[in-house]
Amino acid sequence: MKNLIFLILLICAFLVSFKPNNSKKSQTCFDHYFANSKNRWSDKEKFGKWIEKEDTVIFTLGYFRGDCCGSIPEPQKMYAEIVNDTIYYDYRNEIDPDCDSSIGICGAVIDFVINKNKYPNYKNFTWKYRKKPQNDY
């Protein structure tokens, strides 16, 4: 009897783990985000241009270079808000006061990825820097 119950639970767990994959739908649910670019710092011809890929559009912001103590923006910390035809952004750099900035140089190429279906007028967007208040992070 215990083996039968265990077998039924095992079959149920197996069936639940094979639910339909909605990865295509989940990919199209985003508005926009920042990401580490697959471009290199030497791919300057791609910087500042909208490049279409399926349902997304990628805008390579450029190559950021500086000390490794927080002067380089990190995509996971960056912020953007789209209002009408303006992208308001903030790099949200956090400088580490205990870091020795004379040691090493860091660099990053950062992309802004946008959902082409939600923002079909992306080519008309303008960029404006706006510092977000600390309590909104």
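The structure under discussion appears in the preceding block.
All residue numbers here refer to positions counted from 1 along the written sequence of the relevant chain. The predicted nature of this model means local features are confined to residues of pLDDT at least 70 and side-chain atom pairs, given and counted, to a pLDDT of 80 or more, with totals for whole chains, interfaces and linings taken over all residues. Note: side-chain values were computed over all heavy atoms of the structure, leaving out hydrogens and water.

(A) Local environment of the state of the cysteines. What counts as a disulfide here is a pair of cysteine sulfur atoms lying within 2.5 Å. Under the criterion given, the structure shown has two disulfides. Disulfide pairing places C68 opposite C106 at an S-S distance of 1.9 Å. Linking C68 and C106, the disulfide has an S-S dihedral of approximately 110° and is accordingly described as right-handed. Placement of the pair is C68 in the loop between β3 (56–66) and β4 (79–83) and C106 in strand β6 (residues 106–115), with a sequence separation of 38 residues. Throughout, exposure labels follow a simple rule: accessible area from a 1.4 Å probe, protein chains only, divided by the maximum for the residue type, with under 20% read as buried, over 50% as exposed, and the rest as partly exposed. You can call C106 partly exposed: its relative accessible area is 28%. Residue C69 pairs covalently with C99 via a disulfide, S to S 2.0 Å. Judged by the sign of its S-S torsion, about -65°, the cystine formed by C69 and C99 is left-handed. Taken together, the residues span a long stretch of sequence, with C69 in the loop between β3 and β4 and C99 in the loop between β5 (86–90) and β6 at a distance of 30 residues. Within the protein, bonded cysteines paired by disulfides and numbered along the sequence follow the pattern 1-4, 2-3. Only runs of H or I of at least four residues qualify as helices and only runs of E of at least two qualify as strands under DSSP, and these elements are numbered from the N terminus.

(B) Representation of the side chain of D111 within the structure. Residue placement: D111 occurs in strand β6. Here Asp and Glu are counted as negative and Lys and Arg as positive; His is not counted, and neither are the chain ends. Salt bridges, as used here, are contacts in which a Lys or Arg side-chain nitrogen is within 4 Å of a carboxyl oxygen on Asp or Glu. Summary of buried charges: D111 has no salt-bridge partner, and the nearest side chain of opposite charge, K38, is 8.1 Å away. Pairs of N or O atoms are called polar contacts if they sit within 3.5 Å, as long as, within protein, a hydrogen donor faces a hydrogen acceptor (for residues adjacent in sequence, only side-chain-to-side-chain pairs). Polar contacts involving the side chain of D111 include one to the side chain of S37, which spans 3.0 Å. What makes two residues a contact is simply this: any of their non-hydrogen atoms within 4.5 Å. Residues contacting D111, with those up to four places away along its chain left out, are Y33, F34, A35, S37, K38, N39, I58, F59 and T60.

Function-wise, these values are silent; they only describe arrangement.
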